[in-house]
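# Working through the structure, step by step
Chain by chain, the residues:
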Amino acid sequence: MNKPPQRPDAPLSSTPTLERLLASLAGQLARLAWMQGLGAVLAVLALWLSFAFVADYALQVPRGVRWLHLGVCFAAPLFALWRLGIAPWLRRPGRAGLAVLLERERPELRQLFVSAVQLQHAPPADAHPELIQRVMRSAEIEAARTNLAGVLDPRAPRRWLAGGVCTALAVFFASRAWPEYAAIFGARLFGADQPWPQLTQLELALGAGLEAAPLETTASGVRVRLPRGSDAPIVVRALGEQPDDVRLHLGNESSVALSAGADGLYRTVLRGLREDVALSASGGDDRDREPTLEIVVLEPPDIAGLALRIRPPAYTGLAERVEFDRDVEVLAGSSVEVAIRPQPADARGKVHLLPADERLELTPVRFPTAPPSATGEAASDGAAQPAENNADSGAPDALGFALVAVSSLRYRIELIDDSGLSNPDPGLFAIQVVRDERPQLEWLAPARNELETLPRGAVRLLARADDDFGLQGAQWRAKRTGEADASWADLALGALPQDAEAAARPNARIAGVRVDVATLAAAERALQPGDQLEFELRAFDTRPRSADGELDPAAVASATPLRVRIVSEEDFLRRLGDRLARVRAQTAEAETIARERMRRTGELLRTLEGDQGLPSANDTTGLVSGQRRLQSDLDSLTRELASCVENVLYARLDESAAPALADLDARLARSSARAFPAQAWREFAAAARAGSVFTPGVPGQLTALLERSLALSDVSSPQAIEALERATRAAELDGAHGALSQALEAQTAVHTGLVELLEQLAEWDNFQAVLTLTRDILTRQKTVRDRTRDASGADPRSERR
């Protein structure tokens with residue numbers, strides 16, 4: 001017969017070993033649940049008590065909050081006990097669930113324990129008894145072999161219990177260590193208003209600079225009176241335990257956190273006081289915000305107006321002026337009278353001069369008045385007014401001081417009124433002193449600072465001088481190297497030609513003289529090849545001289561010394577030949593570039609003739625850039641040839657070219673620009689071509705070369721550039737074609753001119769070779785004549801006769 005079905009979780013009578021195993025597992029689950037619940041109760045209770053203690057000690061919470069803390073002390077542990085202890089205990093699984101836990105540890109049983117439990121609780125009606133018995137026996141055997149170790153993980157409950165016990169012990173020992181605090185906390189937790197002991201007491205005081213300020217005692221602290229706009233340094237001093245930071249309360253509206261300095265004091269500065277303020281501090285356990293520091297703001301003395309009368313040095317010719325309420329810039333040596341109008345009018349004070357750190361008493365003066373404007377209103381602040389419109393007559397109505405401006409300075413006006421208030425943070429004004437700069441002096445001619453000439457040559461000295469307030473004079477001197485300094489000779493100063501530059505620089509002047517170097521030789525010895533002369537030039541402005549008539553070194557400007565080396569004719573011609581050889585190489589290079597420019601322009605022109613459209617902007621722009629570079633080379637070539645002509649004429653290589661030297665010298669003497677005097681050279685070349693200036697021999701050959709170079713750099717090349725630029729801007733094919741055709745024509749003229757210039761330079765080489773050979777023949781003939789005369793004993797004077 002089949003057994004009657006048992007109740008769902010009845011003891012397993014058929015498998016006592018399995019029953020004992022499941023009962024042991026159920027006991028372990030219950031113990032772990034209660035361990036977790038107890039640990040949670042202890043941990044929550046200890047932590048909440050700690051939080052309530054810290055909150056009450058730090059914030060001194062009101063009674064209502066403490067009652068809330070007490071309620072949480074009971075509710076939180078009970079909730080933790082229910083949530084983590086009782087609820088898990090009530091949710092323990094039955095025997096079938098316990099069997100499932102066992103088989104998770106031993107999956108190889110294939111639900112043997114679960115089947116044994118279910119077959120005993122609710123065996124199926126069609127189950128075979130022998131099969132059921134076999135399952136029971138197998139379950140018993142495996143139950144005897146099964147160990148509960150590893151089935152449950154006790155780490156979480158143990159951690160809860162350990163954590164709860166530790167926190168509870170920590171709270172317990174803390175209460176034993178500080179029983180006074182524990183007792184106060186307990187009393188306060190149950191509604192008592194017993195105060196905490198105060199460890200920190202804060203005091204407020206004024207900081208550096210205001211220690212001597214008079215204080216008035218009030219009911220809650222002290223009161224001090226300070227001027228409006230002043231800075232109030234505040235110091236908070238902590239007595240007893242020093243907190244990490246304190247909070248300075250500015251009335252009831254805002255507060256500032258302060259950190260302790262190295263000396264343990266808490267400092268801050270209230271900038272620019274504008275209204276009354278009551279200060280208090282809190283920090284640590286001092287939270288009553290007493291005592292207070294009350295600052296009462298009063299209106300301080302101030303500067304209602306500032307005027308400066310400036311009298312520049314007499315030599316400058318500048319008029320006096322008066323400037324109001326501003327920093328000023330004055331010339332060194334100017335007399336400056338400063339007047340301030342104080343408010344209130346009976347205030348007194350001093351001026352603090354910086355960086356000299358000097359204090360001067362302010363004396364009564366008359367404040368200058370600003371003249372009415374064209375509309376009848378007062379002149380605007382900061383405007384400079386002529387001195388004659390600011391007469392200061394009548395009784396003094398201001399304070400002031402005077403000084404002579406030698407170097408830049410700053411000054412601060414320190415005022416004090418009858419009540420003892422001073423102006424806070426007085427404004428800092430500046431007097432910027434500008435030096436009278438040295439005159440500016442620069443050579444215009446010669447173009448180089450070192451040149452060579454013959455013993456009979458000349459030097460054109462031409463310079464331009466300028467000064468901000470006018471020039472008094474210019475001087476020059478020359479000496480042979482190794483000799484004592486010569487005396488200075490005066491140079492006449494001439495005005496610049498009337499042009500835009502002359503209008504912009506009215507004090508600029510031209511100084512020049514032509515010097516024959518032979519006149520500089522000492523009487524006992526004429527100039528010889530190898531000698532070197534040094535020319536010095538100086539200019540001085542209108543600053544007064546010293547009592548002994550010496551110039552002020554700051555008023556003198558000196559040009560770079562000019563050195564002139566005396567050479568023989570042979571050396572001069574050899575060096576001239578070297579320079580012309582370089583000119584020829586430069587011309588050959590320019591000819592190559594000009595040929596390349598022609599080729600590229602021709603290719604572009606043929607492209608247009610092939611109806612391929614307008615040229616690209618890159619093509620035409622490249623042509624313009626290349627032509628401009630060629631123009632620069634032609635200008636350099638012209639300057640080099642002009643330098644050669646100038647050197648030959650001034651060296652008087654050919655005595656018959658004296659008229660050409662005079663003409664060129666007169667033209668160069670009229671030059672006033674720093675740039676190359678192209679116009680003077682054009683006029684000279686034109687005069688030489690027209691025959692109005694006789695240029696024989698070497699000067700004539702060089703002038704012809706210069707004329708050719710001028711024609712290229714002044715006419716042909718600029719025409720090519722202008723035509724190429726028109727081609728770049730052309731919007732139609734015909735316009736671009738016509739412009740490129742004109743450009744090619746001008747470039748052809750440039751190239752042809754360079755080829756002809758090369759041929760002329762080649763002819764110059766032949767001319768130079770013939771000239772050198774002739775000079776060698778003359779020298780040898782002279783040598784033979786001298787030897788013959790010496791052998792015959794003839795008198796040289798009779799021979800000359």
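So, how was this worked out
Residues numbered from 1 in each chain as written. Predicted model: local features only at pLDDT ≥ 70, side-chain atom pairs only at ≥ 80, totals over all residues. Heavy atoms only, no water. Axes fitted to C-alpha atoms, helices over the stretch in contact; angles between N-to-C directions. Helix = DSSP H or I, 4+ residues; strand = E, 2+ residues; numbered from the N terminus. Parallel < 35°, antiparallel > 145°, perpendicular 65-115°, else oblique. Left-handed = near helix turned anticlockwise from the far one by under 90°. Nonpolar A, V, L, I, M, F, W, Y, C, P; charged D, E, K, R; others polar. Contact = heavy atoms within 4.5 Å. Core = buried A, V, L, I, M, F, W, Y, C linked by side-chain atoms within 4.5 Å. Buried < 20%, exposed > 50% of the residue type's maximum accessible area, 1.4 Å probe, protein only. Salt bridge = Lys/Arg side-chain N within 4 Å of Asp/Glu carboxyl O. Phe/Tyr/Trp six-rings, centres within 6.5 Å; stacked < 30°, edge-to-face > 60°. Lys NZ or Arg CZ within 6 Å of the ring centre and 35° of its normal. pLDDT = per-residue confidence, 0-100. Pairing = 2+ DSSP bridges. Expected span 1.5 Å × (residues − 1). Bend = angle between axes of the 7 residues up to and from the residue. Patch = residues over 30% accessible without salt bridge, like charges linked within 9 Å, V, L, I, M, F, W, Y side chains within 5 Å. Areas by Shrake-Rupley, 256 points an atom, 1.4 Å probe, with all protein chains shown as cover.

### Some details on the packing of helix α9 (residues 569-609) against helix α10 (residues 617-650)
As a packed pair, α9 and α10 sit with axes 10 Å apart at the nearest point and diverge in direction by 160 degrees. With respect to each other, α9 and α10 are oriented roughly antiparallel. Of the two elements, α9 crosses α10, and the hand of that crossing is left-handed. Counted by class, the contact of α9 with α10 contains 14 nonpolar, 10 polar and six charged residues.

### Looking at the side chain of threonine 703
One can find threonine 703 in helix α13 (residues 697-729). Contacts of threonine 703, omitting those with residues within four sequence positions, involve Val645, Phe684, Ala688 and Thr695.

### Points about the nonpolar core
Grouped together as the largest cluster of nonpolar side chains are 43 residues, with contacts concentrated most on Leu576, Leu649, Trp681, Phe684, Leu702 and Leu754. In terms of residue count, α10 provides more of this core than any other element does, 10 residues in total. Once residues lying within four places of it in the same chain are set aside, the contact partners of tryptophan 681 are Ala642, Val645, Glu646, Leu664, Leu668, Phe676, Leu706 and Leu710.

### Looking at the pattern of salt bridges
Oppositely charged side chains are able to pair whenever their charged atoms sit close together. Taken as a whole and judged by the stated rule, the model has 39 salt bridges. Close ionic contact of glutamate 655 with arginine 456 constitutes a salt bridge, the shortest N to O distance being 3.1 Å. Within this pair, whereas glutamate 655 is found in the loop between α10 and α11 (658-669), its partner arginine 456 is found in the loop between β22 (450-453) and β23 (458-466), the two being separated by 199 residues in sequence. Note on glutamate 655: relative accessible area 49%, which makes it partly exposed. Across the pair arginine 599 and glutamate 596 runs a salt bridge, and its minimum N-O distance is 2.4 Å. Of this pair, arginine 599 and glutamate 596 both sit in helix α9, three residues apart, roughly one helical turn. If you follow the salt bridges from partner to partner, you end up with Glu216, Arg223, Arg225 and Glu294 in one network.

### Topic: the packing of aromatic side chains
Counted under the stated rule, the structure contains nine aromatic pairs. With a centroid separation of 6.4 Å and an interplanar angle of 50 degrees, the aromatic rings of phenylalanine 324 and phenylalanine 367 are classed as tilted. In this pair, phenylalanine 324 is assigned in strand β11 (residues 321-324) and phenylalanine 367 in the loop between β16 (363-365) and β17 (385-386), connecting sequence segments 43 residues apart. Each member of the pair, phenylalanine 324 together with phenylalanine 367, is buried. Here the aromatic rings of phenylalanine 401 and tyrosine 411 are separated by 5.6 Å at their centres, their planes lie at 70 degrees, and the arrangement is edge-to-face. Of the two residues, phenylalanine 401 is situated in strand β18 (residues 398-404) and tyrosine 411 in strand β19 (residues 409-416); the sequence distance between them amounts to 10 residues. The rings of Phe401, Tyr411 and Phe429 are connected pair by pair, giving a single aromatic cluster. Positioned over the ring face of tryptophan 488 is arginine 538, at 4.2 Å from the centre of the ring.

### Considerations on the confidence of the model for the protein
In the predicted model, the protein carries a mean pLDDT of 80, and 88% of its residues have values of at least 70. Across the protein, the element-wise mean pLDDT spans from 46 in helix α15 (residues 796-800) up to 92 in β11. For the stretch residues 1-6, pLDDT sits under 50, and the model shows eight contacts to residues farther than four places along the chain or on other chains. Per-residue pLDDT stays below 50 along residues 796-801; that stretch engages in three contacts with residues further than four places along the chain or on separate chains.

### Focus: the sheet that holds strand β7 (residues 266-270)
What holds strands together in a sheet is hydrogen bonding between their backbones, with the strands either parallel or antiparallel. Read across the sheet, three strands follow the order β1-β4-β7 without closing on themselves; strand pairing throughout is antiparallel. Bordering the open sheet on either side are β1 (200-206) and β7, each of which pairs with just one other strand. Between one strand and the next, the sheet's axes are offset by a mean angle of 20 degrees, whatever the strand orientation. Pairing analysis gives five bridges linking strand β4 (residues 232-240) to β7, with the strands arranged antiparallel. Residue isoleucine 234 lies in a different strand from β7, and its bridge partner there is threonine 268.

### Examining helix α2 (residues 63-90)
With 28 residues, α2 extends 39 Å from end C-alpha to end C-alpha; this agrees with the ideal 40 Å at 1.5 Å per step. Along α2, the largest kink reaches about 35 degrees and is centred on tryptophan 82. Considered for burial, the residues of α2 that qualify are Arg66, His69, Leu70, Cys73, Pro77, Ala80, Leu84, Gly85 and Ala87.

### Looking at the environment of aspartate 485
Mapped onto the elements of the fold, aspartate 485 is located in the loop between β24 (471-480) and β25 (489-491). As for aspartate 485 and glutamate 534, which are separated by 49 residues in sequence, their C-alpha atoms are 9.9 Å apart. Sequence-distant contacts of aspartate 485, defined by excluding residues within four places in its chain, comprise Arg477 and Lys479.

### A few points about the pairing of β24
For β24, the buried fraction is high: eight of the 10 residues fall into the buried class. In this sheet, strand β28 (residues 532-541) lies alongside β24 in antiparallel orientation, the contact comprising nine bridges. Across the sheet, the residue bridging to tryptophan 476 is leucine 537, located in β28. Inspection of the sheet shows β24 paired to β25 by three bridges, in the antiparallel sense. Bridged to tryptophan 476 within β25 is alanine 489.

### As for a nonpolar patch on the surface
A surface patch of nonpolar side chains, amounting to about 370 Å² of accessible area, comprises Val165, Leu169, Phe172 and Phe173. Assignment of secondary structure puts phenylalanine 172 in helix α6 (residues 155-177).

### Let's talk about the environment of leucine 306
In this structure, leucine 306 sits in strand β10 (residues 302-311). As a C-alpha pair, leucine 306 and valine 338 span 32 residues in sequence and 7.4 Å in three-dimensional space. In this structure leucine 306 touches Glu323, Phe324, Asp325, Arg326, Val338, Ala339, Ile340, Phe367, Tyr411 and Phe429, once residues within four positions along its chain are discounted.

### Digging into the pairing of β1
Each regular strand carries side chains that alternate between the two faces of the sheet. Here β1 shows a clear split, with Thr200, Leu202, Leu204 and Leu206 buried on one side and none of Gln201, Glu203 and Ala205 buried on the other. Where β1 lies against β4, seven bridges are found, and the strand directions are antiparallel. Within β4, the residue paired with leucine 206 across the bridge is isoleucine 234.

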